[in-house]
Amino acid sequence: MTNLNIAVVGGGVVGYTVARLLQQELRNVNLTLIADLFGEDTTSCVAAGIFRPGPSFAGPNKQITKQWIDDSWYFFEDIVKSSEAAQAGVMRLSAYIFSKQNYHTTRNHLIEDIVPVYRPVEKDELKICGEGWKYGSYYETLKIECDKYLPWTEGIIKQNGAKIIQRKVDSLASLTEYDLVLNCTGMGAKYLCNDTDLVAIRGQVIKVRAPWLKYSVYGDYDTYVIPGFNGLATLGGVRQYDSYNMNVCKHDAAAIFERCCELVPSLKDAEIIGHRVGLRPHRVPVRLEPELVGGVKVVHCYGHGGYGVMCAPGTAITAVQIATEVLRTNFKSKM
Ligand SMILES: Cc1cc2nc3c(=O)[nH]c(=O)nc-3n(C[C@H](O)[C@H](O)[C@H](O)COP(=O)(O)OP(=O)(O)OC[C@H]3O[C@@H](n4cnc5c(N)ncnc54)[C@H](O)[C@@H]3O)c2cc1C
C-alpha cells in the first residue's frame, strides 16, 4: 500500500494542531507542513492564549461551537496534567473579570460548565483593582503560549516523519502533488480563497516583565493583564474591525498601558519587553468544509478570530474527520 501525500498549509496554532491530529488518525501518510511565516511571525505568537471564548466565536450552530470548545478544553487539560506541560507552554491560570457597567460581560456561558471554578466575586474581591467595580467573576482556566506550543508540536510531528517547508503558496490549485490539502492559513485565506467573509480584527499588545503577577485580570474596554511563563505578562488590548495596519500604533500603546495601570497599578514598575500587533482572522462561522479546488481536494480550517489558540484542537478534530471522509469517499458522497 502506498502512502498518501497530505499537505497542511499554515504554520500557526491551527496548522500545527491539525498536522499532529492527522498523523494520529491516519497512519500511512507522508505529511508536509508548508508556511511562509513561522514562530514569532505568526498571529498565534502574538496572542496571550487564554482559554476564554467570546460570543463572536461561532461554528455552524451552537451545539458544534460548544463541542469545539469542550474538545479543546480536554485536549489542553491532558497536556497540563502531563509532565510536558511547561515545555508545551500550557499552564493553569486564575482569572478575575470585572465591570463597572455590565453584569453580563462577567459571565461566560461557553465555559462555566467545564472550568473547575467559575463564581461571582465576594464583596472584598471587588476592591482588588481599585474602587468603582460593580460586577465581577473569578474563574480558573488555562493558558497556552504559542512560542512554546508550536516548537513542541513541531518536535512531535517531525519525529513522526513530517517535513516542514517554508514557502508562500500562491494558489491551492497548484498543490497537485498532494492527495489532500488542509488549508489552515488564518488571515492568508482571505487572499488564497478570495474570501470576503474573512475580516481582520486588529489587535495590539504590550509584553512586559512582571513576575509578581499571580492572576489574570480583565476590565472594561478590552483591558486585560495576563501573566504567563518566565515572569512575562501580556497587556491589552484593542479590537479594531476591518483594520489591516501591522505597525505598532503609539496611541494604542499609550492607551493600553494607561488602562492596564489603572487596573493593576504595580504595572507602572514593569519593564516593557516589546509591542506586538496581530490580525485576528474573524469569520462567522469558522470555515470548516471540504472543497475541490481546480482538481485538488482541500479541507478548509480557518477563521478562528480572537479564539484560535484555545479552539484550535476542537476544530482540528472536525477537520481531521472531514479529511478522513473526503479520502474515503473521494468527494462522491454528500458531506
Ligand atoms: C492581540 C491578540 C490577542 C489574542 N489573544 C488570544 C487569546 O488570548 N486566546 C486565543 O485563543 N486566541 C487569541 N488570539 C487569536 C489567535 O491568535 C488566532 O485566532 C490564531 O492565532 C489563529 O491561528 P491560525 O493558525 O489560524 O493563524 P496564524 O497564526 O496567523 O497562522 C497562519 C499561518 O498560515 C501561513 N500562511 C498564510 N497564507 C499563506 C500562504 N499563502 N502560503 C503559505 N503560508 C501561508 C502563515 O505564514 C502562518 O504560518 C489573539 C490574537 C491577537 C491578535
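Predicted model, so just to flag it, every value in this text is computed and none were measured.

Q: With reference to specific residues and values, describe the overall build of the chain.
A: Along its length, the chain carries seven helices and 14 strands. Taken over C-alpha atoms, the radius of gyration comes to 20 Å for the chain, in line with the 20 Å a tight globule of 335 residues would show. Projecting the C-alpha coordinates of the chain onto the three principal axes gives extents of approximately 65 × 40 × 35 Å. Counting the 335 residues in the chain, one finds 55% classified as buried. Counting only contacts in the chain whose residues sit at least 6 apart along the sequence, the fraction spanning at least 24 positions is 75%.

Q: Could you give an account of the packing of aromatic side chains, with specific residues and numbers?
A: A ring pair, where both rings are aromatic, is described by two values, the distance of the centres and the angle of the planes. If you walk through the whole model with that rule in mind, you get 13 aromatic pairs. Between Tyr-96 and Tyr-215 the ring centres are 5.2 Å apart and the planes differ by 75°, which places this aromatic pair in the edge-to-face class. With Tyr-96 in strand S3 (residues 90-99) and Tyr-215 in the loop between strand S8 (199-209) and strand S9 (216-218), this residue pair connects regions lying 119 residues apart in the sequence. Under the relative-accessibility criterion, Tyr-96 is labelled buried at 8%. Residue classification places Tyr-215 among the partly exposed positions, given a relative accessible area of 31%. In this structure, Arg-52 packs its charged tip against the face of Tyr-218, placed 4.2 Å from the ring centre. Note that Lys-100 overlies the ring of Trp-133, its terminal NZ or CZ placed 4.7 Å from the centroid.

Q: Let's hear about the nonpolar core: which residues, and what values?
A: Val-18, Leu-22 and Leu-182 are the most contacted members of the largest nonpolar core, which totals 69 residues. Of all the elements, helix H7 (residues 308-329) adds the most residues to this core, at 10 residues. Those residues in contact with Val-18 that sit more than four places away from it in its chain are Val-8, Leu-182, Cys-184, Cys-301, Ala-316, Ala-319 and Val-320. Ala-210, Val-217, Val-225 and Ala-233 belong to the second-largest nonpolar core, a separate cluster that totals 23 residues.

Q: Tell me about the site of the ligand, residues and numbers included.
A: In the vicinity of the ligand lie 37 residues, with Asp-36, Leu-37, Ser-44, Gly-305 and Met-310 positioned nearest. With respect to the ligand, the side chain of Ser-44 contributes an N or O atom lying 2.5 Å from an oxygen atom. Between the ligand and Gly-308 there is a distance of 2.9 Å, counted from an oxygen atom to a backbone nitrogen or oxygen. Compared with its free state, where it exposes 1000 Å², the ligand has 95% of that area covered by protein. Listing elements by their share of the shell around the ligand, those giving two or more residues are helix H1 (13-25), S8, strand S13 (271-293) and H7. In terms of residue class, the shell around the ligand is made up of 17 nonpolar, 16 polar and four charged.

Rules of the game
Residues numbered from 1 in each chain as written. Predicted model: local features only at pLDDT ≥ 70, side-chain atom pairs only at ≥ 80, totals over all residues. Heavy atoms only, no water. Helix = DSSP H or I, 4+ residues; strand = E, 2+ residues; numbered from the N terminus. Rg over C-alpha atoms; globule rule 2.2 N^0.38 Å. Buried < 20%, exposed > 50% of the residue type's maximum accessible area, 1.4 Å probe, protein only. Contact = heavy atoms within 4.5 Å. Phe/Tyr/Trp six-rings, centres within 6.5 Å; stacked < 30°, edge-to-face > 60°. Lys NZ or Arg CZ within 6 Å of the ring centre and 35° of its normal. Core = buried A, V, L, I, M, F, W, Y, C linked by side-chain atoms within 4.5 Å. Near = heavy atom within 4 Å. Polar contact = N/O pair within 3.5 Å; in protein donor to acceptor, adjacent residues only side chain to side chain. Areas by Shrake-Rupley, 256 points an atom, 1.4 Å probe, with all protein chains shown as cover. Nonpolar A, V, L, I, M, F, W, Y, C, P; charged D, E, K, R; others polar.

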